[in-house]
Amino acid sequence: MEEGAGGVALAYETILYDTDGRIATITLNRPEKFNAIRPPMPEELEQAVAAANRDREVRVIILKGAGEAFCAGFDFSEGLEHFGRWGGQGADEEWDPGQDLVISTSPFAAPVPKFMSLWRSPKPVIAQVHGWCVGGASDMALCADIVIASEDAQIGTPYSRVWGCYLTGMWIYRLGLTRAKMHALTGDPLSGKQAAELGLVNFAYPAPRLDSEVRKLAKRLAQIPRSQLHAMKLVVNQAYENMGLAATQLLGPILDGYMRNTPEGRGFVETARTRGVGAAVKERDAPFGDYSQARRKPRGKRG
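*Asks:* Could you give me a rundown of the overall build of the chain, with the residues and numbers involved?
*Replies:* Secondary structure summary: the chain contains 13 helices and 9 strands in total. In the chain, which comprises 303 residues, the share counted as buried stands at 55%. For the chain, contacts bridging at least 24 residues in sequence account for 70% of all contacts bridging at least 6. For the chain, the accessible surface area stands at approximately 13,800 Å², while carbon and sulfur atoms represent 56% of it.

Rendered as C-alpha cells:
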C-alpha cells in the first residue's frame, strides 16, 4: 500500500504508521508480545521511515510502542524458527558461522541496518519509551536522535550476561567509556529516570506526561525548516561516523553470533525450548534480582 499524506494511515503487519500534519508516528504494534521484534518488523520500520521521508509535509518522526511497553527485545517466546525469515538459523540447526556472518552483516537482511534507518533519516526521530526497552529494543531506540522515556521505564541489555553482544553500539557512544564499560559488563538495567540522569536518554517524565511531552517537542522541531533539521543532524552524525561507528556495528553483530553459540548461549536456548522462556530468563536474571526477577516490576513483563 502506498503512503498517503494528510493523516492517511498505511497498512503494515507489525507496526502502525500515520501522519498528523508535520509529524509522522511509527508505532510498534505487537502489544500482546510487548512489541517484541520478529520479522517483518525491522523491514517495516525501515519502510515507514522511508515513507515519512518521502512525504514532503512531514518534518519530524515519532517512534513508540503500543500497549504496556515500548519493546521487549527480540522475540524468542515461540522458539527461534522465525530467524529463518532473516536467512538465519533456527535453534535446532547446527551453527554455521559462515552463514551467521553473512546474515548478521547483510544490509538487505540483518536487523541492525534496518534500525539504522532511524539514524540515517534526514528528518529527526524522537523515540518515546515506556515500560520495557531491553536487549535489541534498546539498540533500536538509541538509534533515534532524541530519546524521551517515562521515569519508570526499564532500559537494559540482559544479553550482556548470556546470548548476545551490543549490536548498534549506541550504548557505547551515548554513555562514554566509564559508564559503557559498567553496563557492558554487568547488563544492569536503568529506569528511565536513571537513564536521563546518566545521559543515555534525553529526558524522563512521569508516565502520564510522556505522550504530551513528546508531542510538545515534536511540534517545536516541526517549526524548523527541513533543510536546517537535515543539516544539523548530518553534521552531528558525521562526527560519530568519523569515530568508527560503522566498524563498531560490523563487529557487534559478529560477536553476537558467537555469543549465541557458546556453551552457555546454547544452554540458554535449550532451557527456553524445554522448560519455557520464563525459566531461561529466571535462570539468567534471578542471581541479580532485576528485569523480570525484580521485586518491583514495571507494567508488562519480559517476553
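What follows picks up the thread again.
*Asks:* Break down the packing of helix H2 (residues 97-105) against helix H11 (residues 245-259) for me, citing the residues and quoting the values.
*Replies:* Close contact between H2 and H11 brings their axes to 9 Å; oriented N to C, the two are set at 140°. Comparing the axis directions of H2 and H11 gives the class oblique. As H2 runs across H11, the sense of the crossing is right-handed. Contact with H2, carried on its side by Asp100, Leu101, Ser104 and Thr105, involves Leu250, Pro253, Ile254 and Gly257 of H11 and no other residues of that element.

*Asks:* Hey, could you go over the packing of aromatic side chains for me, with residue numbers and the actual values?
*Replies:* For the structure on display, the rule yields 9 aromatic pairs. Measuring from ring centre to ring centre gives 6.2 Å for Phe74 and Phe115, while their planes differ by 35°; the resulting arrangement is tilted. Separated by 41 residues along the polypeptide, Phe74 in the loop between strand S3 (60-65) and H2 and Phe115 in helix H3 (residues 111-115) bring together distant segments of the chain. Residues Trp95 and Tyr258 carry aromatic rings whose centres are separated by 5.6 Å and whose planes lie at 75° to one another, so their mutual orientation is edge-to-face. Taken together, the residues Trp95 in the loop between S3 and H2 and Tyr258 in helix H11 connect sequence positions 163 residues apart. Residue Trp95 is classed as partly exposed on the basis of its relative accessible area, which comes to 28%. Clustering of aromatic rings is evident, with ring pairs tying together Phe76, Trp163 and Phe268.

*Asks:* So what's going on with the packing of helix H12 (residues 263-275) against helix H13 (residues 277-285)? Residues and values would help.
*Replies:* At a minimum axis distance of 6 Å, the contact between H12 and H13 shows a crossing angle of 140°. By the angle between their axes, H12 is oblique relative to H13. Each of Phe268, Thr271, Ala272 and Arg275 in H12 lies in contact with H13, whose residues at this interface are Val277, Ala279, Ala280, Val281, Glu283 and Arg284. Here the residues of the contact of H12 with H13 are counted per class, giving 6 nonpolar, 1 polar and 3 charged.

*Asks:* Outline the nonpolar core, listing residues and values.
*Replies:* Judged by nonpolar contacts, the single largest core of 50 residues is most densely connected at Ile26, Leu63, Phe70, Val129, Met140, Ile155 and Leu200. Top contributing element to this core by residue count: helix H1 (residues 41-54), with 6 residues. By size, the runner-up hydrophobic cluster in this structure holds 13 residues, among which are Ile126, Ile148, Leu210 and Ala222.

*Asks:* An account of the sheet that holds strand S9 (residues 203-205) is needed here, citing residue identities and associated values.
*Replies:* Think of a sheet as strands paired side by side through backbone hydrogen bonds, with each pair either parallel or antiparallel. If you walk across this open sheet you meet the 6 strands as S1-S2-S3-S4-S6-S9, and the pairing is mixed. Both edges of this open sheet fall to strand S1 (15-20) and S9, since each of them pairs with a single strand only. The sheet shows a mean angle of 20° between the axes of neighbouring strands, direction not considered. Alignment of S1 against strand S2 (residues 23-28), held across 6 bridges, turns out to be antiparallel. The partner of Leu16 across the bridge, within S2, is Thr27. Most of the contacts of H1 go to S1, to which it runs at about 10°, and overall it touches S1, S2 and S3.

*Asks:* Give a description of unusual backbone geometry that names residues and reports values.
*Replies:* For the bond from Pro39 to Pro40, the omega torsion is 5°, close enough to zero to count as cis. By the secondary structure assignment, Pro40 is in the loop between S2 and H1. In this structure, Trp163 takes a positive phi of about 75° despite not being glycine. Trp163 sits in the buried class, given a relative accessible area of 13%.

*Asks:* Could you give me a rundown of H11, with the residues and numbers involved?
*Replies:* Between the first and last C-alpha of H11 there are 21 Å, a value that for 15 residues agrees with the 21 Å anticipated at 1.5 Å per step. Where H11 is buried, its residues touch H2, H3, helix H4 (117-120), helix H6 (170-175) and helix H10 (226-242).

*Asks:* Provide a residue-level description of the pairing of strand S6 (residues 146-150), including the pertinent values.
*Replies:* Buried residues dominate S6, accounting for 5 of its 5 residues. Neither face of S6 is exposed, since Ile146, Ile148 and Ser150 on one face and Val147 and Ala149 on the opposite face are all buried. Bridging between strand S4 (residues 125-129) and S6 involves 4 bridges; their strand directions are parallel. Paired with Ala127 across the two strands is Val147, which belongs to S6. Relative to S9, S6 runs parallel, the two sharing 3 bridges.

*Asks:* So what about the confidence of the model for the chain? Which residues, and what values?
*Replies:* For residues with low pLDDT, the predicted coordinates do not support detailed interpretation. Here the chain averages 91 in pLDDT, while 89% of its residues score no lower than 70. Overall, residues 298-303 carries pLDDT values under 50, and its contacts beyond four positions in sequence, including any with other chains, amount to 24 contacts.

Thresholds applied
- Residues numbered from 1 in each chain as written.
- Predicted model: local features only at pLDDT ≥ 70, side-chain atom pairs only at ≥ 80, totals over all residues.
- Heavy atoms only, no water.
- Helix = DSSP H or I, 4+ residues; strand = E, 2+ residues; numbered from the N terminus.
- Buried < 20%, exposed > 50% of the residue type's maximum accessible area, 1.4 Å probe, protein only.
- Contact = heavy atoms within 4.5 Å.
- Areas by Shrake-Rupley, 256 points an atom, 1.4 Å probe, with all protein chains shown as cover.
- Axes fitted to C-alpha atoms, helices over the stretch in contact; angles between N-to-C directions.
- Parallel < 35°, antiparallel > 145°, perpendicular 65-115°, else oblique.
- Left-handed = near helix turned anticlockwise from the far one by under 90°.
- Phe/Tyr/Trp six-rings, centres within 6.5 Å; stacked < 30°, edge-to-face > 60°.
- Nonpolar A, V, L, I, M, F, W, Y, C, P; charged D, E, K, R; others polar.
- Core = buried A, V, L, I, M, F, W, Y, C linked by side-chain atoms within 4.5 Å.
- Pairing = 2+ DSSP bridges.
- Expected span 1.5 Å × (residues − 1).
- pLDDT = per-residue confidence, 0-100.

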